[in-house]
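Residue-level listing of the chains:
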Amino acid sequence: MKKVIKVGEQIMPRKDPQKKCSCQDSPVDLRFKSGIISWLFQEGTVVEKNEPVCEGEIEKKVLEFVAPEKGILIEICIAEGQEFTAGDVLGWIDVFKY
């Protein structure tokens, strides 16, 4: 079974403990903005549920996109360095069957 990694309309930025800022406490609204994607894994890699598989940078904030289930990253739909926005499918996970 395949599960999608998809960009929501809002997402909390990753907190940077060395750069505390109140801007890290509110979600980023992605409906009218775009960011740049950076993959942490390659296709064919086993990933754990809720493990960050890619990051997006938008307005100097880093957003983490996590694996919805444990499985194999089988498809990257938006390549490294490309733009993403709300509603985009970033990739697909082939879920392990237990």
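Residues numbered from 1 in each chain as written. Predicted model: local features only at pLDDT ≥ 70, side-chain atom pairs only at ≥ 80, totals over all residues. Heavy atoms only, no water.

J.: Hey, could you run me through the packing of aromatic side chains in this one?
T.: Note on aromatic pairs: each is described by the distance of the centres and the angle between the planes. Scanning the entire structure with this criterion turns up 1 aromatic pair. Pairing phenylalanine 65 with phenylalanine 84 gives two aromatic rings, centres 5.5 Å apart and planes at 85°, and the pair type is edge-to-face. Residue phenylalanine 65 is located in strand β7 (residues 61–66), and its partner phenylalanine 84 is located in strand β9 (residues 83–84); the two are separated by 19 residues in the primary sequence. Comparing phenylalanine 65 with phenylalanine 84 shows no difference in burial state: the two are buried. (Phe/Tyr/Trp six-rings, centres within 6.5 Å; stacked < 30°, edge-to-face > 60°. Helix = DSSP H or I, 4+ residues; strand = E, 2+ residues; numbered from the N terminus. Buried < 20%, exposed > 50% of the residue type's maximum accessible area, 1.4 Å probe, protein only.)

J.: Is there a simple way to explain the nonpolar core in this structure?
T.: Burial of nonpolar side chains together is a common tendency in soluble globular proteins. Leu30, Ile37, Leu63, Phe65, Phe84 and Leu90 are the most contacted members of the largest nonpolar core, which has 19 residues in total. Contributions of two or more residues to this core are made by β4 (35–39), β6 (52–58), β7 and β10 (89–95). Counting residues per element, this core draws most heavily on β6, at 3 residues. Not counting residues within four places of it along the chain, the set of residues in contact with leucine 90 comprises Ile5, Lys6, Val7, Ile37, Trp39, Cys54, Phe65, Glu75, Ile76, Cys77, Ile78 and Phe84. (Core = buried A, V, L, I, M, F, W, Y, C linked by side-chain atoms within 4.5 Å. Contact = heavy atoms within 4.5 Å.)

J.: I'm lost on the sheet that holds β10 in this one. Help?
T.: Strand pairing in a sheet is mediated by backbone hydrogen bonds. Such pairs are either parallel or antiparallel. Taken together, the 4 strands give an open sheet; going across it, the order is β1-β10-β8-β5, and neighbouring strands pair in antiparallel fashion. Each of the sheet's edge strands pairs with one partner strand only, and the pair in question is β1 (2–6) and β5 (46–47). Relative to β10, strand β8 (residues 71–76) is paired through 5 bridges, and the arrangement is antiparallel. Among the inter-strand pairings, isoleucine 72 is bridged to a residue of β10, identified as aspartate 94. (Pairing = 2+ DSSP bridges.)

J.: How do you make sense of the environment of glutamate 83 when you look at a structure like this?
T.: Position of glutamate 83 among the secondary structure elements: in strand β9. On a C-alpha basis, the gap between glutamate 83 and isoleucine 93 in space is 20 Å, while along the polypeptide they are 10 residues apart. Not counting the four nearest positions on each side in its chain, glutamate 83 is found in contact with Ser34, Gly35, Ile36, Ile78 and Asp88. A distance of 3.5 Å separates a polar atom in the side chain of glutamate 83 from a polar atom in the side chain of serine 34. (Polar contact = N/O pair within 3.5 Å; in protein donor to acceptor, adjacent residues only side chain to side chain.)

J.: Would you take a moment to explain unusual backbone geometry for this structure?
T.: Leaving glycine aside, a negative phi is the common case for residues, and trans is the common case for peptide bonds. One non-glycine residue, asparagine 50, lies in positive phi territory at about 70°. Secondary-structure assignment places asparagine 50 in the loop between β5 and β6. The phi dihedral of lysine 60 falls on the positive side, at around 65°, and the residue is not glycine. The topology assignment puts lysine 60 in the loop between β6 and β7.

J.: What is the right way to look at the pairing of β4 in this model?
T.: One face of the sheet, then the other: side chains in a regular strand alternate in exactly this way. In this structure, β4 lies alongside β9, joined through 2 bridges in antiparallel fashion. Residue pairing in the sheet places isoleucine 36 in a bridge with glutamate 83 of β9. Of the strand pairs in this sheet, β4 and β6 are connected by 4 bridges, and their pairing is antiparallel. Paired with isoleucine 37 across the bridge in β6 is glycine 56.

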